[in-house]
Amino acid sequence: MNKAILLDCDTGIDDALAILDFTARGGELVAVGSVHGNVPAPVGARNTLRVLEIAGVEGVPVCVGAARPLAQPLLTAEHVHGQDGLGNTNQPAPKLAAAPGSAAEQIVRMAHAHPGEFTLVAIGPLTNLALALLLDPELPRLIPEVYVMGGAVEVPGNVSPTAEANIWHDPEAAQLVIEGDWAVTLVTLDATMQALLTPSDLKAISGASSVRAQFASAILDHYLDVYQQWIPGRTCPLHDPLALALVLDPDLATYRTLATQVELRGGTTRGTTVCDLRGDPASAAQEPAPGWRNVRYLDELDVERFRALFVAGVTSP
Ligand code: RIB
Ligand code: CA
């Protein structure tokens, strides 16, 4: 698997933490696109540029992406990530501006310039990826592997009883991406809700003196306040950092394959990732029925090792 990635994100507190950790641990970003989701896409691009500045990463183009989902109105999540998307930390404007062109066009352009050389990782709604597939249906030949933070298989959703935010924000786009002829790994809430920061992790991060760690600690403060309404104690899940950590180190987890489709018609279940859990091992090896695709999911996650790597990443100079 390629450890160089093209990242699509809706930066967002946990997106920011993911970028800080990934770049600290030597992960290579070939380009970044922003998408609506936690905040409007232009705000996501500005936040990404600011986070890259804090991480000391230069020369990575950041394009603004889709302003809204394919088939439903825009809904953002400032109630979780703060009005600025970065925990109301009042960051200065980044020195650099977004690169010209749209995030979807950038995916297509980079795929043709670097065929087979990077993994596509989405940690926001999947609108840009879907638009890129519509622009160039040959894309999966050029980008063999896609990692997505999104979905919930055997745990409750986080925006509805059954749906996870990144899928729910644009279900049609998610189904297009799942149907693409590329290998898709979904890093779902089943795994990310196990990846919780502990009091000693938080102490290590807030006690570290690097710019990266101080920024991580500042944005985490807001995230921890918000998560108190859902998880007892002072903790939060590392949704997006887990997806990027798995690109660097796939052995952090074991995997299973399940036939999957996104529920597009349901009222209360719209945006749910429906997985065939009937458990016939032979069926995982077969081509699933029309509309269904085989998707890879995490089975067992080494939570301790992931947390240790994350803390080491964000506290590094
Ligand atoms: O459900 C978690 C996901 O929704 C994360 O990507 C978070 O940043 C939000 O977009
Ligand atoms: Ca995100």
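Source: prediction; values computed, not measured.

Novice: Explain helix 12 (residues 239-248) to me, and be specific about the residues and the numbers.
Specialist: Since the α-helix advances by 3.6 residues per turn, residues separated by three or four positions end up pointing in the same direction. Across the 10 residues of helix 12, 10 count as buried, placing the element largely inside the fold. What helix 12 keeps buried is the set His239, Asp240, Pro241, Leu242, Ala243, Leu244, Ala245, Leu246, Val247 and Leu248.

Novice: I'd like a rundown of the coordination of the calcium ion (ligand 2), residues and numbers included.
Specialist: At the metal site, the calcium ion (ligand 2) is ligated by Asp10 (OD), Asp15 (OD), Asp15 (OD), Ile123 (O) and Asp240 (OD), and these contacts range over 2.2 to 2.7 Å. Within one chain, the residues donating to the calcium ion (ligand 2) are spaced in sequence as D-x4-D-x107-I-x116-D. Remark: isoleucine 123 occurs in the loop between strand 5 (119-122) and helix 5 (127-135) and aspartate 15 occurs in helix 1 (residues 13-24); sequence separation between them is 108 residues. You can call isoleucine 123 buried: its relative accessible area is 1%.

Novice: How would you explain helix 1 if you had to name every residue and give the values?
Specialist: Helix length check: helix 1 (12 residues) gives 17 Å between terminal C-alpha atoms against 16 Å at 1.5 Å per residue, within 8%. For helix 1, a buried count of 11 out of 12 residues is recorded, marking the element as mostly surrounded by other parts of the structure. Every buried residue belonging to helix 1 is among Ile13, Asp14, Asp15, Ala16, Leu17, Ala18, Ile19, Leu20, Asp21, Phe22 and Thr23, and all of these are buried. Just downstream of helix 1 lies glycine 26, where phi reads positive at about 85°.

Novice: Go over the sheet that holds strand 5, please, and point to the residues and values.
Specialist: Taken in spatial order, the 10 strands make up an open sheet running 4-3-2-1-5-6-7-10-8-9, and their pairing is mixed. Across the chains shown, the open sheet's two edge strands, defined by having one partner strand only, are strand 4 (99-102) and strand 9 (273-275). The sheet shows a mean angle of 30° between the axes of neighbouring strands, direction not considered. As judged from the 6 bridges shared by strand 1 (residues 4-9) and strand 2 (residues 28-34), these two strands associate in the parallel manner. When the sheet's bridge partners are listed, isoleucine 5 is paired in strand 2 with leucine 29. Across the face of the sheet, helix 4 (residues 103-113) comes into contact with strand 1, strand 2, strand 3 (62-64), strand 4 and strand 5 while running at roughly 150° to strand 2.

Novice: Tell me about the packing of helix 10 (residues 199-207) against helix 11 (residues 211-227), residues and numbers included.
Specialist: Between helix 10 and helix 11, the least distance of the axes is 8 Å, while the angle of their chain directions is 135°. It follows that helix 10 is oblique to helix 11 by the angle criterion. Note on element contacts: helix 11 touches helix 10 through Ala213, Gln214, Ala216, Ser217, Leu220 and Leu224, opposite Leu202, Ile205 and Ser206. Partitioning the contact of helix 10 with helix 11 into residue classes produces 6 nonpolar, 3 polar and no charged.

Novice: Got a sec to walk through the packing of helix 1 against helix 2 (residues 41-55)? Specific residues and values, please.
Specialist: Following both chains from N to C, one finds helix 1 and helix 2 inclined at 30°, their axes separated by 10 Å at the closest point. Classified by chirality, the crossing of helix 2 by helix 1 is right-handed. Judged by residue contacts, Ala16, Ile19, Leu20 and Thr23 of helix 1 engage Thr48, Val51, Leu52, Ile54 and Ala55 from helix 2. For the contact of helix 1 with helix 2, a count of residues per class yields 7 nonpolar, 2 polar and no charged.

What counts, and at which threshold
- Residues numbered from 1 in each chain as written.
- Chains lettered and ligands numbered in written order.
- Predicted model: local features only at pLDDT ≥ 70, side-chain atom pairs only at ≥ 80, totals over all residues.
- Heavy atoms only, no water.
- Buried < 20%, exposed > 50% of the residue type's maximum accessible area, 1.4 Å probe, protein only.
- Helix = DSSP H or I, 4+ residues; strand = E, 2+ residues; numbered from the N terminus.
- Donors = N, O, S within 2.8 Å, 3.2 Å for Na, K, Ca; no water.
- Expected span 1.5 Å × (residues − 1).
- Pairing = 2+ DSSP bridges.
- Axes fitted to C-alpha atoms, helices over the stretch in contact; angles between N-to-C directions.
- Contact = heavy atoms within 4.5 Å.
- Parallel < 35°, antiparallel > 145°, perpendicular 65-115°, else oblique.
- Nonpolar A, V, L, I, M, F, W, Y, C, P; charged D, E, K, R; others polar.
- Left-handed = near helix turned anticlockwise from the far one by under 90°.

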